[in-house]
Amino acid sequence: NADGFLGVLKWALLIAAQYGKTQIVLGLEPTGHYWFTLAAWMLMHGVSVVQVNPYAVKQTKEVEDNSQAKDDRKDPKLIANLVKDGNYGVPYIPADEYATMRVLSGLRDQKKEELGRAINRLHRELTIVFPEYKVAFSRIDGPFTLSLLSQASIPSELAALGEEGIRKIWHDRKLKGAGYRRVTEIVRQASNSVGLTEGSDAHKRCIQSHVADIERLTKEIAEIETELAAKCLEIPNAENIMEIPGLGATITAGILAEMGDIDRFDDVKELQKLSGLGLVACSSGKHKGQTKISHRGRKRLRYWLYQGAMSVVAHNETFQQLHVYYTTRAVNPLKKMQSLIVIACKLLRIIFAILKKGIRFDAERMMKDIVRADSAEATA
């Protein structure tokens with residue numbers, strides 16, 4: 001709270017005055033979310049705030065006293081030594097639209113996790129009372145299935161409704177599509193179901209509860225994504241990114257939310273390192289280790305870049321050609337997963353250039369890289 005923060009600041013100022021120091025640097029080990037408010041408050045009151053990598057603290061704990069012991073008296077000294085030696089980073093606290101997007105993006109991820117759990121729980125209940133549901137329904141989380149299960153949750157109720165009753169439920173919900181073709185199959189499977197009938201009332205309540213959760217969460221996620229898309233358009237040049245076939249508002253908003261303000265990066269390699277897509281190799285003497293990505297950095301940024309890579313490979317002809325080239329070239333052909341990682345890195349460089357320079361995506365310019373590589377191979 002405010003009194004606690006003020007007490008820490010007075011204590012630090014007293015020590016600084018005692019030793020004649022003019023600058024105070026607060027070193028933090030960010031292992032959770034508790035440092036957010038403290039860092040923001042200290043920065044507002046003129047105190048420099050830096051972060052040390054928790055992995056670095058763990059690796060250096062034996063340097064201090066040649067002991068693996070770790071406690072709350074030893075950790076502050078380790079952190080202070082890392083800060084003193086310059087082994088720290090400056091924290092980034094998003095502001096304005098970037099702060100809004102990051103919070104909304106995190107909320108969307110949480111809601112999607114909850115949605116996945118609700119769907120899995122629905123799968124479990126239906127497997128017990130209606131094992132034939134996979135044959136009867138095309139999609140368990142589709143509108144036709146959910147609208148039906150919300151009113152008739154167990155096989156006996158589905159069979160009692162009959163084909164006309166099921167069609168009426170869908171008509172009342174104003175559903176349109178190919179779902180009506182499955183009416184006969186649903187009734188047939190429900191009539192001959194071998195599902196458990198004991199405790200059917202309780203199972204029915206569980207199913208209806210899970211269906212309500214799925215519908216509520218689906219609606220919330222759609223609302224959050226609409227807000228994210230609108231907020232994304234406030235970022236300069238973000239609309240140029242969404243013009244790339246395969247990169248919609250959802251993926252673009254996810255990348256920008258995790259990336260933050262592009263002006264704090266001078267080179268795309270900094271951004272690549274932040275995403276954990278930087279290449280690292282372990283070699284010694286004649287041994288040449290396998291080159292891999294570091295996996296250090298913001299995992300959500302890496303996740304959205306990978307999603308973007310898969311999407312452009314699926315929906316963008318230029319990136320499809322690039323993927324084919326990487327996986328079939330004569331020299332050093334890549335596996336499909338490796339190719340997607342390389343395309344994610346290329347996508348990151350393209351996004352960096354678009355945001356920095358305000359340019360538009362040029363497919364021909366990107367494909368020139370392949371031409372140069374092919375020429376070099378032919379010359380060799």
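Remember, predicted model here, so these are calculated numbers, not experimental data.

What the protein contains, in helices and strands, is 18 helices and 4 strands. Here the C-alpha radius of gyration of the protein, 28 Å, is well above what a compact globule of 380 residues would show, namely 21 Å. Principal-axis analysis of the C-alpha atoms gives the protein an extent of 85 × 70 × 45 Å. Residues counted as buried form 38% of the 380 residues belonging to the protein. Taking the contacts inside the protein whose residues are at least 6 apart along the sequence as the reference set, 63% of them involve residues at least 24 apart. Counting only carbon and sulfur atoms, one obtains 53% of the accessible surface of the protein, whose full area is about 22400 Å². Of the charged side chains in the protein, 53 are positive and 45 negative, and the gap between their average positions amounts to 4 Å.

The final tally for this structure, using the stated rule, is 9 aromatic pairs. On the numbers, 5.6 Å between centres and 85° between planes, the contact of phenylalanine 144 with tyrosine 180 is edge-to-face. Taken together, the positions of phenylalanine 144 in helix 8 (residues 143-149) and tyrosine 180 in the loop between helix 9 (155-172) and helix 10 (183-191) put the pair 36 residues apart, joining distant regions of the chain. Here phenylalanine 144 and tyrosine 180 have matching classes, each one buried.

With that settled, consider the pairing of strand 2 (residues 48-51). Taken together, the 4 bridges between strand 1 (residues 25-28) and strand 2 define a ladder with parallel strand orientation. The residue of strand 2 that forms the bridge with leucine 28 is glutamine 51. At this point the chain moves from strand 1, through helix 2 (residues 35-44), to the parallel strand 2, and the crossover so formed is right-handed.

Moving on: the packing of helix 9 against helix 10. Here helix 9 crosses helix 10 at 170°, and the two axes come no closer than 7 Å. Taken together, the axes of helix 9 and helix 10 are roughly antiparallel relative to one another. Judged by the sense of rotation from one axis to the other, the crossing of helix 9 with helix 10 is left-handed. Contacts between helix 9 and helix 10 involve Pro155, Leu158, Ala159, Gly162, Glu163, Ile166, Arg167 and Trp170 from the first element and Val183, Thr184, Ile186, Val187, Ala190 and Ser191 from the second.

Next up on the list: a nonpolar patch on the surface. Together, Val8, Trp11, Ile15 and Tyr19 make up an exposed nonpolar region whose accessible area comes to about 440 Å². You can call isoleucine 15 partly exposed: its relative accessible area is 33%.

The next thing to look at is the nonpolar core. Across soluble globular proteins, nonpolar side chains show a tendency to be buried alongside one another. Grouped together as the largest cluster of nonpolar side chains are 49 residues, with contacts concentrated most on Met101, Ile255, Leu256, Met259, Phe319 and Ile343. Counting residues per element, this core draws most heavily on helix 17 (residues 336-357), which supplies 12 residues. The residues contacting methionine 101, other than those within four sequence positions of it, are Leu228, Lys231, Cys232, Ile235, Ala253, Leu256 and Ala257. In terms of nonpolar packing, the next biggest core, distinct from the first, is built from 31 residues, Phe130, Phe137, Ala152 and Leu158 among them.

So, about the side chain of lysine 74. As for its position among the elements, lysine 74 is in helix 5 (residues 74-84). Within the structure, lysine 74 has its side chain in polar contact with the backbone oxygen of serine 67 (distance 3.0 Å). Sequence-distant contacts of lysine 74, that is, excluding residues within four places in its chain, are made with Lys61, Glu64, Asp65, Ser67 and Ala69.

This part covers the layout of surface pockets. Size it by volume and the largest pocket reaches roughly 1900 Å³. What lines the largest pocket is a set of 42 residues, and nearest its centre among them are Pro30, Gln51, Leu274, Gly297 and Arg298. Here the lining of the largest pocket takes 8 residues from helix 6 (residues 96-129), the largest share from any one element. Estimates place the volume of the second largest pocket at around 670 Å³. What lines the second largest pocket is a set of 20 residues, and nearest its centre among them are Leu26, Gly27, Leu28, Pro76 and Ile79. Residue assignment for the lining of the second largest pocket shows that the elements contributing at least two residues are strand 1, helix 2 and helix 5. Its residues assigned to classes, the lining of the second largest pocket shows 11 nonpolar, 4 polar and 5 charged.

With that out of the way, let us pick up the packing of helix 15 (residues 299-315) against helix 16 (residues 317-328). Relative orientation of the contacting elements helix 15 and helix 16 amounts to 105°, with a least axis distance of 6 Å. The angle between the axes of helix 15 and helix 16 places the two elements in the roughly perpendicular class. Along its contact with helix 15, which presents Val312, Val313, Ala314 and His315, the element helix 16 presents Glu317, Phe319, Gln320 and His323. Considering only residue class, the contact of helix 15 with helix 16 consists of 4 nonpolar, 3 polar and 1 charged.

A positive phi angle is found at lysine 174, which is not glycine, with a value near 60°. Its place among the elements puts lysine 174 in the loop between helix 9 and helix 10. Using a relative accessible area of 72% as the deciding quantity, one classes lysine 174 as exposed. Positive phi is not limited to glycine here, since asparagine 237 has a value of about 70°. With respect to the element layout, asparagine 237 can be found in the loop between helix 11 (200-232) and helix 12 (238-242).

Buried within helix 10 are the following residues: Val183, Ile186, Val187, Gln189 and Ala190. For helix 10, the buried positions fall inside an angular range of 170° around the axis, keeping them on one side. Tucked inside the fold, the buried residues of helix 10 contact helix 7 (133-136), helix 8 and helix 9.

Rules of the game
- Residues numbered from 1 in each chain as written.
- Predicted model: local features only at pLDDT ≥ 70, side-chain atom pairs only at ≥ 80, totals over all residues.
- Heavy atoms only, no water.
- Helix = DSSP H or I, 4+ residues; strand = E, 2+ residues; numbered from the N terminus.
- Rg over C-alpha atoms; globule rule 2.2 N^0.38 Å.
- Buried < 20%, exposed > 50% of the residue type's maximum accessible area, 1.4 Å probe, protein only.
- Contact = heavy atoms within 4.5 Å.
- Areas by Shrake-Rupley, 256 points an atom, 1.4 Å probe, with all protein chains shown as cover.
- Lys, Arg positive; Asp, Glu negative; His and termini not counted.
- Charge placed at Lys NZ, Arg CZ, Asp CG, Glu CD.
- Phe/Tyr/Trp six-rings, centres within 6.5 Å; stacked < 30°, edge-to-face > 60°.
- Pairing = 2+ DSSP bridges.
- Right-handed = clockwise from strand over helix to strand, strands pointing away.
- Axes fitted to C-alpha atoms, helices over the stretch in contact; angles between N-to-C directions.
- Parallel < 35°, antiparallel > 145°, perpendicular 65-115°, else oblique.
- Left-handed = near helix turned anticlockwise from the far one by under 90°.
- Patch = residues over 30% accessible without salt bridge, like charges linked within 9 Å, V, L, I, M, F, W, Y side chains within 5 Å.
- Salt bridge = Lys/Arg side-chain N within 4 Å of Asp/Glu carboxyl O.
- Core = buried A, V, L, I, M, F, W, Y, C linked by side-chain atoms within 4.5 Å.
- Polar contact = N/O pair within 3.5 Å; in protein donor to acceptor, adjacent residues only side chain to side chain.
- 1 Å grid on protein atoms, 1.4 Å probe; cavity = no way out; pocket = protein on both sides within 12 Å on 5 of 7 lines; lining within 4 Å.
- Points joined across faces, edges and corners; volume = space filled by probe spheres on them.
- Nonpolar A, V, L, I, M, F, W, Y, C, P; charged D, E, K, R; others polar.
- Arc of directions from axis to C-beta.

Purely geometric stuff here, so don't read any function into it on its own.
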